[in-house]
Structures are given as structure tokens and as C-alpha cells.
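In case you want the letters, here they are:
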Amino acid sequence: MLGKLTIDALPFYSGIAMTGALISVLGLLGAVALITWLGQWRYLWTEWLRSLDHKKIGVMYVTLALIMLVRGFVDALMMRTQQAVALDSHGYLPPDHFDQIFTSHATIMIFFVAMPFLVGLFNVIVPQQIGARDMAFPFMNSVSLWLTAAGAALVMVSLVIGKFSTAGWNAYPPYSEAQLSPGVGVDYWIWAILVSSVGSILTGLNFLVTIIKRRAPGMRLMMMPQFTWAALCTSVLIVFAFPALTVAAALLGLDRYLGMHFFTNGDGGNLTNYIELFWIWGHPEVYILILPAFGVYSEVVATFSGRRLFGYESLVYSTAAIAVLSLGVCLHHFFTLGAGSDVNAFFGRMAPLIAVPTGVTIFDWLLTMYRGRVRLSVPMLFTLGFIVTFVIGGMTGVLLTLAPAGRPMHDTTFLVAHFHNMMIPGALFGYLAGYQYWFPKAFGFRLDDKWGRRAFWAWIIGFYLAFVPLYILGFMGMPQRLERYDVAGWQPYLIVAELGAVFILCGVVFLAVQLAVSIRGRAGLVVSTGDPWNGRTLEWATASPPAVYNFAVVPHVHGIDAWWDMKQAGTAGRAPARFRDIIMSDDSSAGVALGAMAFVFAFAMVWQIWWLAAIGGIGVSGAVLSRAFRDRDEHRIPASQVEATEHRHLTAAVPTSGTPT
């Protein structure tokens, strides 16, 4: 009746696992109780969960990312603590539990922190930057969100029911095959990846079409803001790269469920095919995560330097070059697989080429700041911290692409340090800069500056303390993923790395405190205009927060930095001569239902509860059909209502051309 699901699926195997499960369950029950006590279920359902407004969908993506960031960081803190105390002992984590943690940490951070964070920022900002009223496919946007949430929910449920994978975040065969991993952990990983990757592919297609087809009149491609260019290149990479991961996970699932042998050596399969498919996605994924952060840094540098970006065209070409090159350098991960010296030499030369457009990008930012009036805001601090730290990570990456160095350090903590050097300053700092920069656009009030600065310094100090020792340990030959060790010389460095994790914990706590303090004191942080930073691009032309339709009249763009040009010409903030009715998409519960049924189907497949899987599959089909057979899915906003909304905004918003309000 319940397939493989029994009472033994509860986390009785470890006191720490039971504690984590209880905290997760109590946290969920506490959130439900709070919403019930406040009587906000109807508001939450009608105004947020059912919404097809791209801005609200973006806020929900970022909220999901921040929640999963806490969970993923707890895993990281547990790993650092284990390694700091595990000299000649088992530490406090059983080996199997440690393996689950390092798998879930990487899976969460890549798929359910970084991806939702960047897509959330895209949703909130990109349509406004290009002068659009909505996404090309609003319902698809909702489906993407709820499929991503369903994948995240599967990972969270694995903390309570069953175990997560111990095969690493890349799930290499043969360890991820049924013979060596007979439990449900790898199945949780497979279905979380399958469900969320479908959502990511839909997102890539949606933004690709939106940017190409929904730009404001006059906005040529070479007039788009840099963040929009980053979104366009990222969307292309998502569309090309994510299907490889989806296929790899699906074939691995067929191996496990139906006894096929796609990746089992000796039975007609080849495990290296999985590795190649994985890294066809894996290396472009690094740039899928980094390019949006580059777009954020470009916007922040231009705004807080008070200057147009230096070398706009070279920035565009560099962004496109990084995207193209990222599709062709994945083979430098295979130096130890026996591809041959000629192949290794070719890709060893190809990989460092990405350093060229990356260097051009960084120099363009530096030249933008040169002789500019730089304001050291919190977003700018994260940007400067990135520039200094990312250069170090880039140099270590070039080192790893050289076969003589890449071979001995391929499976050491040096690689761990390099990867985090790319992901934390390269990607996460960018997302946090965008979060700080665009928060007033989404909510109408700024975040507290003092706590933002404290969070930045905790993050940057914590990063150096946590990962510079891992570079040193890599040179000393320490393998990655060790649960315990017997080399006494490693422990002092691991204790320093643990101290760095504590600093990063402070950074996470400070971000939470900043949000709480800002909400409590929002009356003093309110944005009196739609343009708190004296911005340059079109998203600052709308109210903060914007109306559901973004623009009462779609603007006509004449050049780069369209909003700045309007302010200089004195045409910003003028009411249109005539308001017209606006057509917008109706909200829909079908996206929520589809995501919920996808979760039910995937959970049932993990535990092989076939009747429940049938219900989930029928539910997914029903949600799609209910939307497909809906004849009318739009509503009209009368011109009088648009005029009243715009009048309230225009009476409060006085465009500025000097310092921010």
C-alpha cells in the first residue's frame, strides 16, 4: 500500500538527524500557526500564491532562495565543525550522515539557492528594464516557480522521511546506481533535479522570448541594460545546458527503476557518458550563476559611480563571449578520464580563454569608477568585495585548467576552495548586491544601511577565513569530502575554516536582522519617489512598488540609460496626455496545483507508491488541461483606474538628477 515507506523511514538512526527533522517540522508548523493567527491565508492565496504578476513571482523566488540558504548553510556549518574536530576520531557525525550533508549542501546551494535567487531578480527587474508590462508567458512563469518549489520541498522532506543521497551532488555512477545505493536517497536527488530542471528550462525559454519580443519601442539590442543582457545570455545557456542534466538524471533513474544499463560498465553501458552529460550542463552552470551577478555589478557600478558604464559595447561582447566559451570548455573536468594528451591539451588551452572577456568586464567596471563620484553603499561594498576576491578565484581556476596542476589537485580541497571562490563572491555577492539595490523597487522602502554593512563585513571576512585555509590544505594534499583524518598538521587550518563559517553565520543572521529592523522602521526608510538611488535604467521610471502593469504608457527608448536621459531632458515624471485601458493576465491557481501535484508524483515515485503516483500524474495533467481549456484568461484595467493609480504616484515622485533621497 505504501510501497517502500515504513516507520523505519523516520530519522531514528541519529540524534542529530532527529533534531534537524524536528526543527524543520516545528518551523513549518510555526509558520502555518502564525499565518492562521494573523488570519492571512486568504490574502496569501489571492494576492501571492495565485498571482501571475512577474514581480510577485520574483519576490517568491527570492524568498525561497533565502529560506534554502539557511538550510544549506546549516549543512556547511555542520561539515566544517565535523572536520575541525575529527582528527583521529569519528567526530560527532556518523559517516553516512556526513555524506548526506555534503550532498544536500551542494544540491541546495546550486539548485535551490542560486537558481531561484537569480531567476527571482530577473523576474522583478528585467520586464521593467525593457519597458514591458509582463512576461511573454505569465502562466509558464508561475509553473516554473512552483516546479522549483516542488523540487526544494523534496529535498526538505528527505530530512524528515528517509535519507538524502550519499553519492555527492553530481551523483556519479556506479555509486549512485541501485546496487551500491539501494536506499531512496539517490531517488530523492533524481526527482528533485528532474522537477526543478523542467522549471528552469521553462524559465530560460520565457525570458528568451520576453527579451527578444517584448522590448519597448526603440530599444535595440545594443540599448538594453547590462542586467538584461546578462539575463539574455543566461537564458540561452539554460536552454542549451539544462536538457543535458535532465537527460542524465532521467537515464540514471531508468537504470535504478527498470534495471537498464546506460551507465553500468560491463553491461553495455559506460559511466563516463554520465560524467560527460553532467558536465555539459555543469560547466555552463557556473556561468549561468555568475553572469546574472555580473549584470548586477554593472548596474550597481554605473549607478553609484554616477557615470555611464565605460565600454558598454565591450561589456556586451564580453558577456556574450563568456556565454559562448562556457559551452565549449567542459572537457577540462575530464583530464583524469583518459581522453588523451591531444584532447587534454586542446581544452587546457580553451578554458583559460574565458579569463580574457572576464578581465575586460572587470576593467570596464574599474574604469567606470575611475574619476566617478563613487558612493560606498551596501550594494557597492558587495561589488568591490567581489572584484578583489573574484580575481583570486579566477587565477586559481586558470591553474586548474593546466593538466600538470589539475591532475594532482583535482580531488583536493584546493578545488573546493576554488569553486566556492567562484560561487560566493562571484555569484552570491552579486545576488545580495541586487537584493540590497532593488529591494526598495519591490517594496517601497530601503533596507537598513547599518545592518547591511555589518552583514557585508561578516560575509567577506568569513569567506577569507573559511576558504584560504582550504587552498593551503589542497597544496598539502588533503582530499575533499573527508569525514575524518589522521594528519595532525591539517587540523589548525580546519579550525580556522570553522571560524570563517561562524563569521558567515553572523552574516546570515545580520541579513535577517536587517530585514526585521527595516520592516519595523519602514516609515523612516520609505521611498518617496520611484528612484531612491538616482538610477539610470527604466525600472526606476515606475513607482516603488510598481503597479501590476508596470507602465501606464510604454516608454519610447532613444538610447542607453533611458531613464537617465529622460531626467536630463526634463521629460521624466510627466503624466501622459491620455490614459488607455490595459489588458493583463488573470491570476490562476493552476500553477500552484501543478507544482503540488508534481511534488506528490515525485514523492510517490521515490517511495514506489504507485497509486499515489497515478494520482499525482493525473493531477498534473488536470492542472495543465484546466488552463488549456480556459477560453478567457485576461482582464481589462479601465483607463480611469490607471489614471488614478498614476496620479498617486506622480504627485509623490519628483525625479532627481543629483543625490538620492
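Thresholds, definitions, all that
- Residues numbered from 1 in each chain as written.
- Predicted model: local features only at pLDDT ≥ 70, side-chain atom pairs only at ≥ 80, totals over all residues.
- Heavy atoms only, no water.
- Helix = DSSP H or I, 4+ residues; strand = E, 2+ residues; numbered from the N terminus.
- Rg over C-alpha atoms; globule rule 2.2 N^0.38 Å.
- Buried < 20%, exposed > 50% of the residue type's maximum accessible area, 1.4 Å probe, protein only.
- Contact = heavy atoms within 4.5 Å.
- Areas by Shrake-Rupley, 256 points an atom, 1.4 Å probe, with all protein chains shown as cover.
- Lys, Arg positive; Asp, Glu negative; His and termini not counted.
- Charge placed at Lys NZ, Arg CZ, Asp CG, Glu CD.
- Salt bridge = Lys/Arg side-chain N within 4 Å of Asp/Glu carboxyl O.
- Core = buried A, V, L, I, M, F, W, Y, C linked by side-chain atoms within 4.5 Å.
- Expected span 1.5 Å × (residues − 1).
- Phe/Tyr/Trp six-rings, centres within 6.5 Å; stacked < 30°, edge-to-face > 60°.
- Lys NZ or Arg CZ within 6 Å of the ring centre and 35° of its normal.
- Polar contact = N/O pair within 3.5 Å; in protein donor to acceptor, adjacent residues only side chain to side chain.
- Axes fitted to C-alpha atoms, helices over the stretch in contact; angles between N-to-C directions.
- Parallel < 35°, antiparallel > 145°, perpendicular 65-115°, else oblique.
- Left-handed = near helix turned anticlockwise from the far one by under 90°.
- Nonpolar A, V, L, I, M, F, W, Y, C, P; charged D, E, K, R; others polar.
- Patch = residues over 30% accessible without salt bridge, like charges linked within 9 Å, V, L, I, M, F, W, Y side chains within 5 Å.

## Brief notes about the overall build of the chain
- Scanning the chain from terminus to terminus reveals 21 helices and two strands.
- Against the globule reference of 26 Å for 661 residues, the chain gives a C-alpha radius of gyration of 25 Å, in line with a compact fold.
- Seen through its C-alpha atoms, the chain measures out along the principal axes to roughly 75 × 60 × 45 Å.
- Out of the 661 residues in the chain, the part that is buried amounts to 56%.
- The contacts of the chain with a sequence gap of at least 6 include a subset with a gap of at least 24, amounting to 84%.
- On the chain, roughly 26,500 Å² of surface is accessible, and the fraction owed to carbon and sulfur atoms is 68%.
- Each charge class in the chain can be summarised by its mean position, and for the 40 positive and 36 negative side chains these summaries are 11 Å apart.

## Digging into the pattern of salt bridges
- Under the definition given, this model contains 14 salt bridges.
- With a shortest N-O distance of 2.8 Å, Lys567 and Asp531 are connected by a salt bridge. Remark: Asp531 occurs in the loop between α17 (522–525) and α18 (562–569) and Lys567 occurs in helix α18; sequence separation between them is 36 residues.
- The class for Lys567 is buried, based on a relative accessible area of 10%.
- Of the charged contacts in the structure, one is a salt bridge between Asp586 and Arg630, with a shortest N-O distance of 3.5 Å. Separated by 44 residues along the polypeptide, Asp586 in the loop between β1 (582–585) and α19 (590–607) and Arg630 in the loop between α20 (610–628) and β2 (634–637) bring together distant segments of the chain.
- Each of Arg308, Arg536, Asp561 and Asp565 takes part in one network of salt bridges that share partners.

## Structural notes on unusual backbone geometry
- Along the chain, Pro173 connects to Pro174 via a cis peptide bond; the corresponding omega equals 5°.
- Along the chain, the position of Pro174 falls in the loop between α5 (138–157) and α6 (185–213).
- Ser544 connects to Pro545 through a cis peptide bond whose omega is 0°.
- Along the polypeptide, Pro545 turns up in the loop between α17 and α18.
- Located in the positive-phi region is Asn550, a residue other than glycine, with phi close to 65°.

## Side note on the nonpolar core
- Residues Trp365 and Tyr431 are the most contacted members of the largest nonpolar core, which totals 183 residues.
- Ranked by residues supplied to this core, first place goes to helix α8 (residues 271–305) with 20 residues.
- Residues within four places of Tyr431 in sequence aside, it is in contact with Ala114, Phe117, Leu118, Leu121, Leu289, Pro292 and Ala293.
- Ala547, Phe579, Ile582 and Ala639 belong to the second-largest nonpolar core, a separate cluster that totals nine residues.

## So, α8
- Taking 1.5 Å of rise per residue, 35 residues should cover 51 Å, and α8 covers 51 Å from first to last C-alpha, within 8% of that figure.
- Taken across its 35 residues, α8 has 30 buried, putting it largely inside the fold.
- One or two positions beyond α8, positive phi appears at Gly306, with a value near 70°.

## Some words on the packing of aromatic side chains
- Applying the stated criterion across every chain yields a total of 46 aromatic pairs.
- Pairing Tyr297 with Trp365 gives two aromatic rings, centres 5.8 Å apart and planes at 75°, and the pair type is edge-to-face. Placement of the pair is Tyr297 in helix α8 and Trp365 in helix α11 (residues 355–369), with a sequence separation of 68 residues. Each member of the pair Tyr297 and Trp365 is classed as buried.
- Geometrically, the ring pair formed by Phe382 and Phe456 is edge-to-face, given 5.2 Å between the ring centres and 80° between the ring planes. Placement of Phe382 in helix α12 (residues 378–401) and of Phe456 in helix α15 (residues 449–475) is noted, with a sequence separation of 74 residues between them. In this structure, Phe382 and Phe456 share a single accessibility class: buried.
- Here Lys56 stacks its cationic end above the ring of Trp48, 5.5 Å away from the centre of that ring.
- Just above the ring of Trp451 sits the side chain of Arg454; from NZ or CZ to the centre is 4.4 Å.

## Considerations on the side chain of Thr383
- When you line up the elements, Thr383 lands in helix α12.
- Owing to a relative accessible area of 0%, Thr383 belongs among the buried residues under this scheme.
- Separated by 2.9 Å, the side chain of Thr383 and the backbone oxygen of Pro379 make a polar contact.

## Topic: the packing of α8 against helix α9 (residues 312–326)
- Close contact between α8 and α9 brings their axes to 9 Å; oriented N to C, the two are set at 165°. With respect to α9, the axis of α8 lies roughly antiparallel. By crossing handedness, the relation of α8 to α9 is classed as left-handed. Between α8 and α9, the contacting residues are His283, Pro284, Tyr287, Leu291, Phe294 and Ser298 on the first element and Leu315, Thr319, Ile322, Ala323 and Ser326 on the second.
- A per-class count over the contact of α8 with α9 returns seven nonpolar, four polar and no charged.

## Thoughts on a nonpolar patch on the surface
- A grouping of Phe310, Phe363, Leu366, Leu367 and Tyr370 is seen on the molecular surface, where their side chains present a nonpolar patch of about 510 Å² in accessible area.
- In this fold, Phe310 is placed in the loop between α8 and α9.

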